[in-house]
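Next come the chains, spelled out residue by residue.
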Amino acid sequence: MSGRAWQAAGVTGGALLLAVGCTFGGGSKDPPRAAEPTEAPGPPVGSVEHPRPVDCLDGATTVPGHPGDSTATAGRPWSPPGSSSPRPRGDDVTVGPLTLEGLHGLVHGDQEAHGVHNSDGWHYLVGASVRLGGSATVTIGAEQRARAGLEFGGGEHMGPAPAVTFSACADAATSFLGAFFVAGDGRACVPLDIRVGDSAPRRVVISFFDGECAA
């Protein structure tokens, strides 16, 4: 290589070393460390991906409408008078260990006898029961998720959720008082997907004072 070529190479190499030295502080400091990745927050409780837990502390070991009812939902603004009146057992919806009481009996009749109305919509008081040690998840079908929700849990002002998981006490069958919410005039065919464990969900369509609904 000619002297001129070596000289050019030396200038180029020196420039590279200078650039590297400037980048890393002349070699006296380590390169800056990348920021540690932060863990993304999970889905909110009550969402379809993370159903709201409704467990032993939210319920009672007696059947709603009988002496010894749970007081967990006392004082809720949607608790209608006379909600413990007798109902035909054939109106219940039962899937695995879970029974949702009287849901098939809301096709026709007087809305005010089953729920209350406020500026948001209608709140229909419903009792649920789960056999000893059992668990089941109820999810509002996507078709009505914008209008309907589940109001179960211990908080007195808990808003409607698209999904809840009922879990009985480990040593006793457990009952829960809560409500189904339907916005607007409260009349709708609401699909429910009820899943027990890892089994495929069972679809049940409930008519809230909307006449006969297609399955």
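Throughout what follows, the structure given in this document is the object of discussion.

Cut-off values and rules
- Residues numbered from 1 in each chain as written.
- Predicted model: local features only at pLDDT ≥ 70, side-chain atom pairs only at ≥ 80, totals over all residues.
- Heavy atoms only, no water.
- Helix = DSSP H or I, 4+ residues; strand = E, 2+ residues; numbered from the N terminus.
- Buried < 20%, exposed > 50% of the residue type's maximum accessible area, 1.4 Å probe, protein only.
- Areas by Shrake-Rupley, 256 points an atom, 1.4 Å probe, with all protein chains shown as cover.
- Pairing = 2+ DSSP bridges.
- Axes fitted to C-alpha atoms, helices over the stretch in contact; angles between N-to-C directions.
- Contact = heavy atoms within 4.5 Å.

Here the focus is the overall build of the protein. Helix and strand counts for the protein stand at one helix and 11 strands. Counting only residues that meet the buried cut, the protein has 38% of its 215 residues in that class. When the accessible surface of the protein is split by element, carbon and sulfur atoms take 57% of a total near 12,100 Å².

Before going further, it helps to examine the sheet that holds strand 1 (residues 52–54). With respect to topology, five strands assemble into an open sheet ordered 1-8-6-10-11, the strand pairing being mixed. At either end of the open sheet lies a strand with only one pairing partner, and these are strand 1 and strand 11 (202–208). Pairwise comparison of adjacent strand axes, ignoring direction, gives a mean angle of 25 degrees for this sheet. Strand direction decides the pairing type here: strand 6 (residues 135–140) and strand 8 (residues 163–167), joined by five bridges, are antiparallel. Following the sheet pairing, Thr139 is matched in strand 8 by Ala163.

You can see Asp185 is positioned in the loop between strand 9 (174–183) and strand 10 (188–195). Asp185 sits 65 residues away from Asp120 along the chain, and the two C-alpha atoms are 9.4 Å apart. Here Asp185 is in contact with Gln111, Trp122 and Arg147, once residues within four sequence places are set aside.

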